Amino acid sequence: MPATIIDGKAIAQAVRDEVRDEIAAWVEGGGRRPGLATVLVGDDPASAVYVAGKQRACTEVGIEGFSHTLAADVPEQQVVDLLGELSADPAVSGILLQLPTPDHIDGPRLTTLIPAGKDVDGLTPVPSGLLAKGPQPGQP
């Protein structure tokens, strides 16, 4: 079977266009605009580029972006408190805690503080467990 050459950029744009249209219809129908909160701790250049890309994508498709950048020396409790605030905020539909975090902050542990319904990376126990379990009857 010959290989099929695809245009990844065109496919990605088509997906973004579809998501933008679905979000617009949702909001026009009275739904709350989705919101993504990103939390970046420290000054890792690759992480900053990644998080900035997520915020740009939010803007492009009509998702409200909430960007939180914290200094590398922030106390871990401040990150815990922020995650709690974002978890309780109804305007925030999803939370992304960018890993890695500075050494004095236990990023993997902090991801467990994100409610499963707001875990966009699928790193909390429920989404991880469901992923490991594989497709179940009645699931798409």
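Everything numeric in this text was worked out from a predicted model, so none of it was measured. (Residues numbered from 1 in each chain as written. Predicted model: local features only at pLDDT ≥ 70, side-chain atom pairs only at ≥ 80, totals over all residues. Heavy atoms only, no water.)

S.K.: A description of the side chain of T101 should follow, citing residues and the corresponding values.
M.R.: Within the secondary structure layout, T101 lies in the loop between β3 (94–97) and α4 (107–111). Only 2.9 Å separates the side chain of T101 from the backbone oxygen of I105, close enough to count as a polar contact. Among the polar contacts listed, one links the side chain of T101 to the backbone nitrogen of G107, at a separation of 3.3 Å. Beyond its immediate stretch of four places on either side in the chain, T101 contacts D106 and G107. (Helix = DSSP H or I, 4+ residues; strand = E, 2+ residues; numbered from the N terminus. Polar contact = N/O pair within 3.5 Å; in protein donor to acceptor, adjacent residues only side chain to side chain. Contact = heavy atoms within 4.5 Å.)

S.K.: Break down the environment of Y50 for me, with residues and values.
M.R.: Within the element layout of this structure, Y50 appears in helix α2 (residues 45–61). Here Y50 falls in the partly exposed class, since its relative accessible area comes to 38%. (Buried < 20%, exposed > 50% of the residue type's maximum accessible area, 1.4 Å probe, protein only.)

S.K.: Which residues make up α2, and what are the values?
M.R.: The end-to-end C-alpha separation of α2 is 25 Å, in line with the 24 Å expected for 17 residues at 1.5 Å each. Those residues of α2 that fall on the buried side of the exposure criterion are S47, V51, Q55, C58 and V61. Seen end-on, α2 carries its buried residues on one side only, within an arc spanning 135°. Residues of α2 that are exposed and angled more than 90 degrees away from the buried face: P45, A46, V49, R56 and T59. If you follow the buried residues of α2, they end up packed against α1 (8–28), β1 (35–41) and β2 (64–70). One or two residues past the end of α2 sits G62, with phi positive at roughly 95°. (Expected span 1.5 Å × (residues − 1). Arc of directions from axis to C-beta.)

S.K.: I'd like a rundown of the pairing of β1, residues and numbers included.
M.R.: Most of β1 is tucked away, with seven of its seven residues classed as buried. By the bridge criterion, seven bridges tie β1 to β2 in an arrangement that is parallel. Looking at the pairing, V41 lines up with L70 of β2. Note on the crossover from β1 through α2 to β2: the handedness is right-handed. In this structure, β1 lies alongside β3, joined through four bridges in parallel fashion. Residue A37 lies in a different strand from β3, and its bridge partner there is I95. (Pairing = 2+ DSSP bridges. Right-handed = clockwise from strand over helix to strand, strands pointing away.)

S.K.: Requested: an account of the environment of A116, with residues and values cited.
M.R.: You can see A116 is positioned in the loop between α4 and α5 (125–133). Take A116: its relative accessible area is 36%, and that puts it in the partly exposed class. Here the alpha-carbon distance between A116 and Q55, two residues 61 residues apart in the chain, equals 21 Å. Not counting residues within four places of it along the chain, the set of residues in contact with A116 comprises T124, V126 and P127.

S.K.: Explain the nonpolar core residue by residue, including any values.
M.R.: Formed by 16 residues in total, the largest nonpolar core has its most connected members in V39, V41, L70, V79, L83, L86 and L97. Broken down by secondary-structure element, the contributors of at least two residues to this core are β1, β2, α3 (76–88) and β3. Ranked by the residues each element gives to this core, the list is headed by α3, at four residues. For L86, the residues in contact, after removing those within four places along its chain, are A37, V39, H68, V92, I95 and K118. (Core = buried A, V, L, I, M, F, W, Y, C linked by side-chain atoms within 4.5 Å.)

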